[in-house]
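Summary of structural features
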Amino acid sequence: MKIYNTLTRKIEDFVPNEEGKVKFYTCGPTVYSDAHIGNMRNYIGHDVLDKTLRYLGYEVTRIMNITDVGHLTNDSDYGDDKMVESAKKEKKSVMDIARYYTDKFFIDFDLVNNKVPEIVSPATSHIDDYIDIIKTLIEKDYAYVSDGNVYFDTSKLTDYYQLTNHQEDEMVIGFRDGVEEDLSKKNKTDFVLWFTKSKFDNQELKWESPWGTGYPGWHIECSGICLHYAGGSIDIHGGGVDNIFPHHTNEIAQSEAYLGRKWCNYWVHNEHLLVETGKMSKSDGGILTVSLLKEKGYNPLSYRYMCLNSHYRKQLLFSYSSLNSSEQAYKKLKNKISLIKDEGSLDEDAFAFYNQKFISHLEDDINTANAITLVYDLLKNELINGHTKLELIKNFDKVLSLDLLKKESKREDHDAIMGLIKTRDNAKKRKDYELADSIRKDLLEKGVALVDTKEGTTYKEVGV
Ligand SMILES: [Zn+2]
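Bear in mind that the values here come from a model prediction, so they are computed numbers and not experimental data.

**A closer look at helix H13 (residues 386–400)**
Taking 1.5 Å of rise per residue, the 15 residues of H13 would be expected to cover 21 Å, and the 20 Å separating its terminal C-alpha atoms lies within 8% of that figure. Taken together, the buried positions of H13 are occupied by Thr388, Lys389, Leu392, Ile393, Phe396, Val399 and Leu400. The buried side chains of H13 occupy one side of the element, clustering within an arc of 130 degrees when seen end-on. When the buried face of H13 is taken as reference, the exposed residues oriented beyond 90 degrees from it are Lys394 and Lys398. The elements touched by buried residues of H13 are helix H1 (37–55), helix H9 (300–308), helix H10 (320–338), helix H11 (348–363) and helix H12 (368–380). Looking one or two residues beyond H13, the residue adopting positive phi is Ser401, at roughly 50 degrees.

**Quick look at the sheet that holds strand S4 (residues 59–66)**
Through backbone hydrogen bonds, the strands of a sheet pair up, either in parallel or in antiparallel fashion. The 5 strands are arranged S5-S4-S3-S10-S11 in an open sheet whose pairing can be described as parallel. Taken across any chain shown, the strands that pair with only one partner, and hence form the sheet edges, are strand S5 (119–122) and strand S11 (264–270). Looking at each pair of strands side by side, their axes are set apart by 20 degrees on average, direction ignored. Sheet topology places strand S3 (residues 21–26) next to strand S10 (residues 234–240); 3 bridges connect them, and they run parallel. Considered in S10, the bridge of Phe24 is made with Ile236.

**Focus on the nonpolar core**
Residues Ile134, Leu137, Ala143, Phe152, Leu193, Cys226 and Phe396 are the most contacted members of the largest nonpolar core, which totals 94 residues. Three or more residues apiece are contributed to this core by two domains, here domain 1 (2–270) and domain 2 (295–400). Residues in contact with Leu193, not counting those within four places in the same chain, are Ile134, Leu137, Ala143, Val150, Tyr151, Phe152, Gly217, Ile220 and Gln254.

**Some words on the packing of H11 against H12**
The interhelical angle for the contact between H11 and H12, taken along N-to-C directions, is 160 degrees, at an axis separation of 8 Å. Between H11 and H12, the crossing angle belongs to the class labelled roughly antiparallel. Here the hand of the crossing between H11 and H12 comes out right-handed. Contacts between H11 and H12 involve Tyr354, Lys357, Phe358, His361 and Leu362 on the former and, on the latter, Asn370, Ala371, Leu374 and Leu378. Looking at side-chain class alone, the contact of H11 with H12 contains 6 nonpolar, 2 polar and 1 charged residues.

**Regarding the pairing of strand S17 (residues 456–461)**
As paired strands, strand S16 (residues 448–453) and S17 are joined by 6 bridges and run antiparallel to one another. Following the sheet pairing, Val451 is matched in S17 by Thr458. Taking the residues between adjacent antiparallel strands as the criterion, S16 and S17 are bridged by 2 residues.

**Notes on unusual backbone geometry**
Between Phe245 and the following residue, Pro246, the backbone shows a cis peptide bond with an omega angle of 0 degrees. Its place among the elements puts Pro246 in helix H7 (residues 244–259). Of note in this structure, Asn113 is not a glycine but carries a positive phi near 65 degrees. Relative to the elements of secondary structure, Asn113 occurs in the loop between helix H3 (94–111) and S5. Exposure remark for Asn113: the 17 C-beta atoms within 10 Å place this residue in the partly exposed category. Despite not being glycine, Lys431 shows a phi value in the positive range, around 65 degrees. Note that Lys431 resides in the loop between helix H14 (414–429) and helix H15 (433–445). C-beta crowding within 10 Å serves as the criterion here: with 8 such atoms nearby, Lys431 is assigned to the exposed category.

Conventions we followed
Residues numbered from 1 in each chain as written. Predicted model: local features only at pLDDT ≥ 70, side-chain atom pairs only at ≥ 80, totals over all residues. Helix = DSSP H or I, 4+ residues; strand = E, 2+ residues; numbered from the N terminus. Expected span 1.5 Å × (residues − 1). Buried ≥ 20, exposed ≤ 12 C-beta atoms within 10 Å, placed from the backbone. Arc of directions from axis to C-beta. Contact = placed C-beta atoms within 7 Å. Pairing = 2+ DSSP bridges. Axes fitted to C-alpha atoms, helices over the stretch in contact; angles between N-to-C directions. Core = buried A, V, L, I, M, F, W, Y, C linked by C-beta atoms within 7 Å. Domains from an automatic or database assignment. Parallel < 35°, antiparallel > 145°, perpendicular 65-115°, else oblique. Left-handed = near helix turned anticlockwise from the far one by under 90°. Nonpolar A, V, L, I, M, F, W, Y, C, P; charged D, E, K, R; others polar.

Right, here's the structure in full:
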């Protein structure tokens, strides 16, 4: 498989540390508010990568954290803790907020058919891991205590910017934009590993540490959780492009300083979802979530379909008109598939040919748009029997997860309608047009319009 590696800025052959096995870490959500559809695009991207690796036969262990402590308003180490801010606003405890938004996150995660990683762990359950790593970093002289906080000393590294390839000055300007300078740091890019000086009133979550009562910095969470579950090395680490700096840059710094060697070989980042107004987060006074799309009447899988039709490394522009087009195309596709008759025996050559094509699209830096186009090509191919088509689609859907074979039935009387369609088909074959017509009329009175197509009869709901 070929995949774009942010670390080398190249498309590379994927070779895991251990043959046949992949350890894959995804930065999880910060649970102080809802995850918007742009966040969910990132998780869809990683879900497809995860499922592709499994489709190729790898044994995958996927790990994801839940940031329930220590995430700050600004990506640098200053400002108000988002969890604390949210708890204040909603008059709940920090842990109540975290649980509430964690549950909501996984509802949306599931609505777009993402598979829950094998290991999901909240940041608050690994405090001892962070303390151990920080102790070692201080012993190795990569970290120092200053005015009560523990900082990572970025000047000790020769390649702090290995992930970004940016000029130091350029990065630091962006980094410092609107940020109050912390005079306790030795270098501008140093970051906090452990806070004992809380910048917030009534900091609820605090733990004992060798440096005093306090709480961990954000970046150390991911290193701590990843090292805890994956051991000393990980094959793939991913997140959104906005994680590259400073979050992933700092994760590499502290993990590699701690280990004394390379930590992760492949860094995979998903691009942003944009909206026409430029701003993603607000809509109707709230955050635009997958659940909200569902409430508006959209099938959440239309959104997945929309995401898969664009490459994960390209920015995707969201609008309701593009979502409407995606929903229409997705419904049409499902309808076409629903009309395939399971006839014939498996055509092994055709199966192997299409399956190999599908794999080659995914192996091409996860080209999901081409993989979907292949489904359309397959449907058009009249030389392949229905059974083979259905077998192929069933397999493709292990990666695409678009429920391509799942019968869409919002009506409770779906089976009864399908039975009547069959009776009508038989009546027409017998040239009993009177019966056929009365079935059609009766159904129409119940708001069901029959649609005759080349592949057979289906129905749609209409206003009565
Ligand atoms: Zn992370």
